[in-house]
Amino acid sequence: MSTHNKGKVAIIGAGIAGLSTAYYLLQDGWEVQILEKGNGQDNCSYGNAGMIVPSHFTPLAAPGIVAQGVKWMLNSKSPFYVRPSLNFIDRLGFEIFEACQ
């Protein structure tokens, strides 16, 4: 750990990315202040189990992945399956309609 103060930095968010960044900046000799709007118990890291996994979002940029996702939604053996119901279809249609306004 560096004992030389390289300056001050503010980190916005006390999730896994913010705390990890703060840790390494402290190790490098920076004075760190973490800004978090909540109490840190239910932020994004809570929802994603503290994981940052590029493989969960990178494939969306691949050609054809959106069409594949729609196919998976209708395949009961896929990990992305959504059981069809009129309630789901009505709600989805309404949300799409609202988003297009």
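Note that this is a predicted model, so its numbers are computed, not measured.

Rules of the game
- Position labels on residues start from 1 in each chain and follow its written sequence.
- Whole-chain, interface and lining totals are the exception, using all residues; otherwise, since this is a predicted model, local features are given only for residues with pLDDT of at least 70 and side-chain atom pairs are given and counted only at 80 or more.
- To get the side-chain values, take all heavy atoms of the structure and skip hydrogens and water.
- Helix numbers and strand numbers start at the N terminus; a helix is a DSSP run of H or I with at least 4 residues, a strand a run of E with at least 2.
- Contacts are assigned to residue pairs that have any heavy atoms within 4.5 Å of one another.
- When DSSP finds at least two bridges between two strands, those strands are taken to pair.
- Here the term right-handed applies to a crossover when the path leading from its first strand over the helix to its second strand runs clockwise, the strands being oriented away from the viewer.
- Note on aromatic contacts: the rings of Phe and Tyr and the six-membered ring of Trp form a pair at centre separations within 6.5 Å, being stacked when their planes are under 30 degrees apart, edge-to-face when over 60 apart, and tilted otherwise.
- By this rule, a helix spans an expected 1.5 Å times one less than how many residues it contains.
- Relative accessibility thresholds used throughout: buried, under 20% of the residue-type maximum; exposed, over 50%; partly exposed, between the two (1.4 Å probe, protein chains only).
- For this analysis, a polar contact is any N or O atom pair within 3.5 Å, provided that within protein one partner can donate a hydrogen and the other can accept it, and provided that sequence-adjacent residues contribute only side-chain to side-chain pairs.
- The patch calculation keeps residues exceeding 30% relative accessible area without a salt bridge and links them within 9 Å when they carry like charges or within 5 Å when they are nonpolar (Val, Leu, Ile, Met, Phe, Trp, Tyr).
- All accessibility values rest on the Shrake-Rupley procedure with a 1.4 Å probe; residue burial counts only the protein chains present in the view.
- By definition, a salt bridge exists where a carboxyl oxygen of Asp or Glu is found within 4 Å of a side-chain nitrogen of Lys or Arg.

Draft legend 1. Structural detail: the overall build of the chain. Per the secondary structure count, the chain includes four helices and two strands. Along the chain direction, N to C, the helices and strands of the chain fall in the order β-α-β-α-α-α. Restricting to contacts in the chain with at least 6 residues of sequence separation, those with at least 24 account for 31%.

Draft legend 2. Seen up close, the pairing of strand β1 (residues 8-12). Sheet topology places β1 next to strand β2 (residues 31-35); five bridges connect them, and they run parallel. Among the inter-strand pairings, Ile11 is bridged to a residue of β2, identified as Ile34. Read from β1 through helix α1 (residues 16-27) to β2, the crossover connection turns out right-handed.

Draft legend 3. Quick look at the packing of aromatic side chains. This model, assessed by the stated rule, comprises one aromatic pair. Their ring planes at 90° and their centres at 4.9 Å tell us that Tyr23 and Tyr24 sit as a pair that is edge-to-face.

Draft legend 4. The arrangement of α1 in detail. An ideal rise of 1.5 Å per residue puts 16 Å on 12 residues; α1 measures up with 16 Å between its terminal C-alpha atoms. Among the residues trailing α1, Gly29 stands out with phi positive, at a value near 100°.

Draft legend 5. Representation of the environment of Lys6 within the structure. Within the element layout of this structure, Lys6 appears in the segment before β1. Given the relative accessible area of 42%, Lys6 is considered partly exposed. Sequence spacing of Lys6 and Gly29 is 23 residues, and the spatial spacing of their C-alpha atoms is 5.7 Å. Excluding residues within four positions of it along the chain, Lys6 makes contact with Asp28, Gly29 and Trp30. Among the polar contacts listed, one links the side chain of Lys6 to the side chain of Asp28, at a separation of 3.1 Å.

Draft legend 6. Representation of a nonpolar patch on the surface in the model. Side chains of Val66, Val70 and Leu74 sit close together on the surface and give an oily, nonpolar patch of about 310 Å² of accessible area. Residue placement: Val70 occurs in helix α3 (residues 65-74).

Draft legend 7. Broad picture of the side chain of Ser78. Structurally, the position occupied by Ser78 is in the loop between α3 and α4 (86-100). By relative accessible area, Ser78 is classed as buried at 12%. In terms of polar contacts, Ser78 uses its side chain to reach the backbone carbonyl oxygen of Trp72, at 2.5 Å. Setting aside anything within four residues of it in sequence, one finds Ser78 in contact with Trp72 and Met73.

Draft legend 8. Focus on the pattern of salt bridges. Within the structure shown, the criterion is met by one salt bridge. Note that Lys6 and Asp28 form a salt bridge whose closest N and O atoms lie 3.1 Å from each other. Pair noted here: Lys6 is in the segment before β1 and Asp28 is in the loop between α1 and β2, with a separation of 22 residues, a long-range link. Residue Asp28 is classed as partly exposed on the basis of its relative accessible area of 34%.

Any functional reading would require information that these geometric values do not contain.
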